[in-house]
Amino acid sequence: MREDFLSIPNIDIYIVAGILVLFFLMETIAGALQKSKRSANDWIQEVGSFAILGLITKPLILFSAIFLGQLLFPSLNYVLNGNILLLNLLIFLLVDDFLQYWYHRSAHEYEFLWKLHRPHHQAEEMGFFVSYRNAALYYLLMPNIWWIGIFTFLGGAYAIILGVILKQIIIISSHSTLSYDKILYRYKWLSPIVFVWERIFITPAFHHSHHGKSQLDGTSDPNGNFGNMFSIWDQFFGTASFHRAFPSEYGLQNNPKENWKASYLYPVIKSKDPKSELSSNYSKTDQRKALPSEQILEKGRNYLWCRCGFSKNQPYCDGNHHGTKFKPLLFQAKSSKKSRICSCKLTKTPPYCDDSHTKFSK
Ligand code: FES
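Residues numbered from 1 in each chain as written. Predicted model: local features only at pLDDT ≥ 70, side-chain atom pairs only at ≥ 80, totals over all residues.

### Some remarks on the overall build of the chain
Step number 1: If you tally the helices and strands in the chain, you get 14 helices and 4 strands.
Step number 2: Relative to the compact-globule value of 21 Å for 362 residues, the chain shows a C-alpha radius of gyration of 23 Å, a close match.
Step number 3: If one aligns the C-alpha atoms of the chain with their principal axes, the spans along those axes are about 70 × 50 × 40 Å.
Step number 4: Every one of the 362 residues in the chain was classed for burial, and the buried ones make up 35%. (Helix = DSSP H or I, 4+ residues; strand = E, 2+ residues; numbered from the N terminus. Rg over C-alpha atoms; globule rule 2.2 N^0.38 Å. Buried ≥ 20, exposed ≤ 12 C-beta atoms within 10 Å, placed from the backbone.)

### Comments concerning the packing of helix α4 (residues 40-72) against helix α8 (residues 143-154)
Step number 1: Close contact between α4 and α8 brings their axes to 8 Å; oriented N to C, the two are set at 45 degrees. By the angle class used here, α4 and α8 are oblique. Handedness of the crossing formed by α4 with α8: right-handed. The residues of α8 that touch α4, namely those facing Lys-58, Ile-61, Leu-62, Ser-64, Ala-65, Ile-66, Gly-69 and Gln-70, are Ile-145, Trp-146, Ile-148, Gly-149, Ile-150, Thr-152 and Phe-153. (Axes fitted to C-alpha atoms, helices over the stretch in contact; angles between N-to-C directions. Parallel < 35°, antiparallel > 145°, perpendicular 65-115°, else oblique. Left-handed = near helix turned anticlockwise from the far one by under 90°. Contact = placed C-beta atoms within 7 Å.)

### Observations regarding the domain arrangement of the chain
Step number 1: For the chain, the assigned domains read domain 1 (2-236) and domain 2 (287-362).
Step number 2: The C-alpha centroid of domain 2 is placed 36 Å from the C-alpha centroid of domain 1.
Step number 3: Residue-level contacts link 10 residues of domain 1 with 9 residues of domain 2.
Step number 4: For the side of domain 1 that touches domain 2, the secondary structure elements donating two or more residues are α5 (85-109) and α6 (111-122).
Step number 5: Across the side of domain 1 that touches domain 2, the residue classes break down as 3 nonpolar, 5 polar and 2 charged. (Domains from an automatic or database assignment. Nonpolar A, V, L, I, M, F, W, Y, C, P; charged D, E, K, R; others polar.)

### Things to note about the nonpolar core
Step number 1: Core analysis: the biggest nonpolar cluster contains 18 residues, and Phe-128, Phe-129, Val-130, Ile-172, Ile-202, Met-229 and Phe-230 have the highest contact counts within it.
Step number 2: Mapped onto this core, the elements with two or more residues apiece are α9 (157-175) and α12 (204-211).
Step number 3: In this view, Met-229 contacts Leu-93, Asp-97, Lys-167, Ile-170, Ile-171, Phe-201 and Ile-202; residues no more than four positions away in its chain are not counted. (Core = buried A, V, L, I, M, F, W, Y, C linked by C-beta atoms within 7 Å.)

### Quick notes on the confidence of the model for the chain
Step number 1: Per-residue confidence for the chain gives a mean pLDDT of 92; residues scoring 70 or more make up 98%.
Step number 2: Predicted confidence in the chain is weakest over helix α1 (residues 2-6), with a mean pLDDT of 65, and strongest over helix α13 (residues 232-236), with 98. (pLDDT = per-residue confidence, 0-100.)

The following block contains the structure:
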């Protein structure tokens, strides 16, 4: 009976489409779509990217992976067929999520991949469709889609169907403006259950934090919370931060308005805006200085110290660390006074100067 259901042709596509329609209806009824400030440019990017992903990119990768598998490793074809469904499902989901964690994290830490993933973070509001806005090449290189092809070749098709449906429920709900977890945070007695849930699965709060504009609001963590379905990898690799609140602003600190053509087709089409990371002349420039910067800090106020040295707003972060392994330092001034803030980035007492700049040379 269960296998009969899973063997219905394209059942996963129907169910995923059903989940999207459900979120579309719920966001519309809740008024989120009517209030949306998304431009036509945003819609073209999101809907176009979704359509091409489903109609061209995925079929092309699946066909290529199966073809290569049969050509190079014919003895492995359908080798998982004898396994129970639950075992195949577990293998499929854990490998898929591990690959996605590292691919997504690399897309924040390496400049070329960041430029392909940047459109995803340009969205200034969340919504069920935001999960589909990335450059075309980002999807073509995505290891998870290749993994689906490989797992199909190995004989795990039913596990993939179930796995894709479960994954999409988590991914779409964690991008939606209708965050189911907000209700759970209202009841203190639910806290232990939420604690366990958020340490296994990605919640809307966990993922919204990743889309927040800047750590300055105390909730956003755009350089952490990289997980897709499970939060276990972020906890294991030290990139998790749990919040039960939502960012005050979404998007990028340094965000020139980008046409969908450059966002979606980079590096084939580049931005004409010289300030854009997607333009041909853009490069990160070293802004470190040999002397500390004297700043008047206000007691209790949050500041974001630039660690990478690329910010044009020294000694503070302006978002130019995206595409590197650096992460700014959030700090609060303990008293209102003039302070020497490190500009050479060599200090051992960040963000304050410890005279390490005597060893600084560019
Ligand atoms: S610009 Fe953010 S850490 Fe340097």
